[in-house]
Amino acid sequence: TVAAFDSFRFVIKGSLAGAAVYMAYDQGLLGSGTQGAEALKKAQAVLPPAIQEWTSYIGWEVRTVQMNTLPPTPKFDFSPSDSWNKGVQTVMSALSVAPTRACEYTVEGWKYVKDLVR
């Protein structure tokens, strides 16, 4: 029974995915840029009234927002070039001391081995 239920779930999910792809193709979303722009205009005209009707049916209150206004872009105090330069400086600093550190670790290793042999 579990295998049958899993198979049924797979068929349902596959059907929904196929229907979504068909709807996207049918509406012109998978076509050229002009077809996609026309589909977006249709959706912008249809969605707000549909959402308003659905929420009033359920009893939720929805604040109306203009669709043409975008929220302001967030301000980031981040400079990719400064971050890159900091990374390059860190790597170069580590590479410049690597031979010295390798010699120090080698000397420490030989001391440890000599102490073990004694």
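These lines cover the structure that appears in this document, whether it is placed above or below. Here the structure is a predicted model, which is why all the values come from computation and not from measurement.

## Remarks on the overall build of the protein
In terms of helices and strands, the protein carries three helices and zero strands. When the elements of the protein are put in sequence order from the N terminus, they spell out α-α-α. A total of 118 residues make up the protein; the buried ones form 4% of that total. Counting only carbon and sulfur atoms, one obtains 66% of the accessible surface of the protein, whose full area is about 11200 Å².

## Quick word on helix α1 (residues 2-26)
Helix length check: α1 (25 residues) gives 36 Å between terminal C-alpha atoms against 36 Å at 1.5 Å per residue, within 8%. Where α1 terminates, the next one or two residues include G28, which has phi positive at roughly 90°.

## What to know about helix α2 (residues 33-58)
Between its first and last C-alpha, α2 extends 36 Å over 26 residues, near the 38 Å set by a 1.5 Å rise per residue. Here α2 has its buried residues at G36, A39 and T55.

## Remarks on the pattern of salt bridges
According to the stated counting rule, one finds one salt bridge in the structure shown. Across the pair R101 and E104 runs a salt bridge whose closest N-O atoms are separated by 3.6 Å. In this pair, R101 and E104 both sit in helix α3 (residues 80-117), three residues apart, roughly one turn of the helix. Judged by relative accessible area, which is 36%, E104 ranks as partly exposed.

## As for a nonpolar patch on the surface
On the surface, W84, V88, V91, M92 and L95 cluster together into a nonpolar patch covering about 530 Å² of accessible area. With respect to the element layout, L95 can be found in helix α3.

Calculation notes
Residues numbered from 1 in each chain as written. Predicted model: local features only at pLDDT ≥ 70, side-chain atom pairs only at ≥ 80, totals over all residues. Heavy atoms only, no water. Helix = DSSP H or I, 4+ residues; strand = E, 2+ residues; numbered from the N terminus. Buried < 20%, exposed > 50% of the residue type's maximum accessible area, 1.4 Å probe, protein only. Areas by Shrake-Rupley, 256 points an atom, 1.4 Å probe, with all protein chains shown as cover. Expected span 1.5 Å × (residues − 1). Salt bridge = Lys/Arg side-chain N within 4 Å of Asp/Glu carboxyl O. Patch = residues over 30% accessible without salt bridge, like charges linked within 9 Å, V, L, I, M, F, W, Y side chains within 5 Å.

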